[in-house]
Amino acid sequence: MNESLSFDGSSPAGHGRLYRALYYPAQGFALGGGLLLLLLIGMSLVSIVGRKLLSAPIRGDIELMEIGAAIAIAAFLPLCELRGAHIKVDAFTLAVSPALRRLLDTFAHLACLLVALLLAWRTGLQALDSREYGDVSTLLSIPLWIPLLFIVPSLLLLAMCALARVFELYHRPGGRP
């Protein structure tokens, strides 16, 4: 495996126009998700210390953690897709030709595109239903349509990043899949 933890390992230079246009928004979403996770870690730490030392935990900390983690995870997906950093089980494709591997990668990114669009559509409908019916979280009564609306843009950006990856594979040197 040849993986890097470097932040500049996948600069937009040398990629197509769509990839370059989506790179910085995807990176911004991922940084926002990371900041949200850091805030959740801080809240969890304060709650744990408050629970153990002062018998005063943060009320609804688990609810906040669930809601925040869902938003953060969705925010990481576009950059992961754009960089091609999803988990791959390539043990079966190591022996196939590069053209077949490119075809399989194109199919995988097309599937990601379709699933992301489906999830964005259904999550948007769920947000509308939750708002209409007044669904709220159990302890804090947070309206559930609000976090759902934060997830929809991440899913739409994920779909656009998957489309960019399909274009990259289709138009890169070496021919079409």
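First, a word on what this report is: a plain description of the structure on this page. No experiment lies behind these values; they were computed from the predicted model shown.

With that settled, the discussion passes to the nonpolar core. In terms of nonpolar packing, the biggest core is built from 12 residues, these being Ile67, Ile71, Ala74, Cys112, Leu113, Ala116, Ala120, Ile151, Leu155, Leu158, Ala159 and Ala162. Breaking this core down by element, the ones donating at least two residues are α2 (61-83), α3 (98-133) and α4 (145-171). The contacts of Ala159, once residues within four sequence positions are left out, are Leu113, Ala116 and Leu117. Listed in part, the 10 residues of the second largest apolar core include Tyr19, Leu22, Leu79 and Leu82.

The geometry of α2 relative to α4 is characterised by a closest axis approach of 8 Å and an angle of 10° between their N-to-C directions. Comparing their axes, α4 and α2 come out roughly parallel. Contact with α2, carried on its side by Ile67, Ala70, Ile71, Ala74, Ala75, Leu77, Pro78, Glu81, Leu82 and Arg83, involves Pro147, Phe150, Ile151, Ser154, Leu157, Leu158, Cys161, Ala162, Ala164 and Arg165 of α4 and no other residues of that element.

Turning next to the pattern of salt bridges. Here the structure, examined in full by the defined rule, presents 1 salt bridge. As a salt-bridge pair, Arg51 and Asp61 come within 3.3 Å of each other at their nearest N and O atoms. Taken together, the positions of Arg51 in helix α1 (residues 17-53) and Asp61 in helix α2 put the pair 10 residues apart, joining distant regions of the chain.

Structurally, the position occupied by Glu63 is in helix α2. Buried Glu63, no salt bridge; nearest opposite-charge side chain is Arg59, N-O distance 7.5 Å. Within the structure, the side chain of Glu63 is placed 2.8 Å from the side chain of Ser137, a separation counted as a polar contact. Separated by 3.2 Å, the side chain of Glu63 and the backbone nitrogen of Leu140 make a polar contact.

What counts as what
Residues numbered from 1 in each chain as written. Predicted model: local features only at pLDDT ≥ 70, side-chain atom pairs only at ≥ 80, totals over all residues. Heavy atoms only, no water. Core = buried A, V, L, I, M, F, W, Y, C linked by side-chain atoms within 4.5 Å. Buried < 20%, exposed > 50% of the residue type's maximum accessible area, 1.4 Å probe, protein only. Helix = DSSP H or I, 4+ residues; strand = E, 2+ residues; numbered from the N terminus. Contact = heavy atoms within 4.5 Å. Axes fitted to C-alpha atoms, helices over the stretch in contact; angles between N-to-C directions. Parallel < 35°, antiparallel > 145°, perpendicular 65-115°, else oblique. Salt bridge = Lys/Arg side-chain N within 4 Å of Asp/Glu carboxyl O. Lys, Arg positive; Asp, Glu negative; His and termini not counted. Polar contact = N/O pair within 3.5 Å; in protein donor to acceptor, adjacent residues only side chain to side chain.

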